[in-house]
Amino acid sequence: MDLGALLTPTGASFSPTSTSGNGGDIFINATGDINVRGTSPTGALNFAIGVLAIYTRSVSTSNSSGSGGNITINSSGGNFTSSSIGGITSSSSVTTTGNSGNGGNISITAQNVSTGGGIFADSSTTTGNSGDGGRIAVTATNGSINTNLITSGSSVDTGNAGNAGAVEFRATNGGINALAIAADTLSLVRGNSGIGGNITLESTGDITLTGAISPMISPAYSAAGVISLTTVSYSVGGNTGRGGDIRITAQNVNARNITSHSHVLGRGNNGNAGNIHISTPTGSVTTDRIDTSMYTDIDSNFVNTGSNFGNSAGNIDIEAQDVRTGDVVAYASTSNLSGLMSPFLGSGNGGTINITATRGNINSQLIQSSSVSNFSSSGNGGNINLRALNGS
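Residues numbered from 1 in each chain as written. Predicted model: local features only at pLDDT ≥ 70, side-chain atom pairs only at ≥ 80, totals over all residues. Heavy atoms only, no water.

Per the secondary structure count, the protein includes one helix and 38 strands. For the protein, buried positions account for 55% of its 392 residues. When the accessible surface of the protein is summed, it comes to about 14,000 Å², and 46% of that surface belongs to carbon and sulfur atoms. (Helix = DSSP H or I, 4+ residues; strand = E, 2+ residues; numbered from the N terminus. Buried < 20%, exposed > 50% of the residue type's maximum accessible area, 1.4 Å probe, protein only. Areas by Shrake-Rupley, 256 points an atom, 1.4 Å probe, with all protein chains shown as cover.)

Structure follows, in structure tokens:
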């Protein structure tokens, strides 16, 4: 099956003054190969899109938008390939004021999967409430997954953000190669953020994540620079949900920074950071910084002395024949930027860190699990267990 581009924004789903409808669903089913080429669309949406391969979206400039449609692609006996410059997108967005709907769910199953332009299932608005990010599930039944940037998030400038979507990649008899995966939920001005999306990567081969520059918001204590995996709940002046869990199983893992955070700036209750689990029983793990932490930065512009900032960092488990990482960090931190003293504003507990090298060495930089508060009570530091069974 050889296709040009599939675009279903539904004419009514671009609306400058009123509520837009939902993007249409896209379903592709074949027994052999599926090849999709990108195209440059024309019309009212052209300013926002560029070159596309598969696209279903709901957009409004000055009211509420509907939800992106679901995209389902299935080849029972062949490969799926999209254009090297065309992305796969199901999203909902409002460019000024209004509530956005949910990003659509995207499911791709084939023997080999190649999506050069990335996969996006996001919800965003400027002023209002954003919906949830869609679930992204990609399965290579007898081969590899090769893709670009993957995002399933929810973001808003002023208002409440929804939950980020789950991202699940599974490859049998092959590896997973991607630029970066982000499942973040962000509220930037006086709103609540949702729950970070869980990220699951499973491969019988190698997993390589070359990394990308930090997404739209990089929390103050996040590793700067290049990020491979991020699932963050971030709010300015509101409550946050928990960071998502990250689970990776492969022959070998090569990645840059890996992050799961819950981060409040101002007032609000914090969620827990997510757990990070990496397992390569017969191979190696090589990464930059691995960070699952809970941060509260209390600002005098937002502070509320009745709030309780007491949730905890996540746990980190790494098992491989050989382990090489940058910093490995699981701590709970509360910083008082307001000068106000309060017994309600302590920090939670640090997470447990377990690192096991079954045949080789553990080579890491800083390994830290702690609870820090610069003005009130702190919680407990977590346990750190390092095991090098046949190395050092």
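What follows concerns the pattern of salt bridges. Per the counting criterion, the structure on display carries eight salt bridges. The partner of E168 in a salt bridge is R170, and the shortest N-O contact between them spans 3.4 Å. Among the ionic pairs, R242 bridges to D245, the shortest N-O distance being 3.4 Å. In this structure R242 comes out as partly exposed when scored by relative accessible area, which is 27%. (Salt bridge = Lys/Arg side-chain N within 4 Å of Asp/Glu carboxyl O.)

With respect to the element layout, T139 can be found in strand β14 (residues 136–140). Along the backbone, T139 and A110 are 29 residues apart, and their C-alpha atoms lie at a distance of 6.6 Å. Once you skip the residues sitting within four places of it in the chain, T139 turns out to touch I108, T109, A110, V113 and R170. (Contact = heavy atoms within 4.5 Å.)

Here the focus is the pairing of strand β28 (residues 257–265). The element β28 is extensively covered by neighbouring structure, given that eight of its nine residues are classed as buried. When strand β25 (residues 226–236) meets β28, the two strands line up parallel, connected through nine bridges. Across the sheet, residue I227 finds its bridge partner in β28, namely N257. (Pairing = 2+ DSSP bridges.)

Attention now goes to the confidence of the model for the protein. Residues of the protein with pLDDT of at least 70 account for 78%, and the chain-wide mean is 81. A low-confidence stretch, residues 9–18 (pLDDT under 50), is modelled with 34 contacts involving residues beyond four sequence positions or located in other chains. Confidence drops under pLDDT 50 across residues 216–223; counting only partners more than four residues distant or on other chains, this segment forms 23 contacts. (pLDDT = per-residue confidence, 0-100.)

Note that T292 resides in strand β30 (residues 290–298). Exposure remark for T292: the relative accessible area of 0% places this residue in the buried category. The spacing of T292 and V329 is 37 residues in sequence and 6.4 Å in space, taken between C-alpha atoms. The residues touching T292, leaving out its near neighbours within four places in the chain, are S260, A273, G274, I276, A313, G314, N315, I316, V329, A330 and Y331. Looking at T292, its side chain comes within polar contact range of the main-chain oxygen of G274, at 2.3 Å. (Polar contact = N/O pair within 3.5 Å; in protein donor to acceptor, adjacent residues only side chain to side chain.)

Let us now look at unusual backbone geometry. Phi angles above zero are rare outside glycine, and N173 is one such case at about 65 degrees. Relative to the elements of secondary structure, N173 occurs in the loop between β18 (167–171) and β19 (176–178). Here N173 falls in the exposed class, since its relative accessible area comes to 56%.

Moving on, we come to the pairing of strand β34 (residues 353–357). For β34, the buried fraction is high: five of the five residues fall into the buried class. The two faces of β34 match: I353, I355 and A357 on one face and N354 and T356 on the other face are all buried. Alignment of strand β31 (residues 316–324) against β34, held across five bridges, turns out to be parallel. By the bridge assignment for β34, I316 is matched with I353. One ladder, built from five bridges, connects β34 with strand β38 (residues 384–388); its direction is parallel. Across the sheet, the residue bridging to N354 is N385, located in β38.

Before going further, it helps to spend a moment on the side chain of T125. As for its placement among the helices and strands, T125 is situated in strand β13 (residues 123–127). When its relative accessible area of 5% is taken as the criterion, T125 is described as buried. A distance of 2.6 Å separates the side chain of T125 from the backbone oxygen of G98, its partner in a polar contact. Once residues lying within four places of it in the same chain are set aside, the contact partners of T125 are V94, T96, G98, S100, S130, S155, V156 and D157.

This paragraph deals with the side chain of N270. Position of N270 relative to the elements: it lies in the loop between β28 and β29 (276–286). For N270, the side chain forms a polar contact with the side chain of T240, separated by 2.7 Å.

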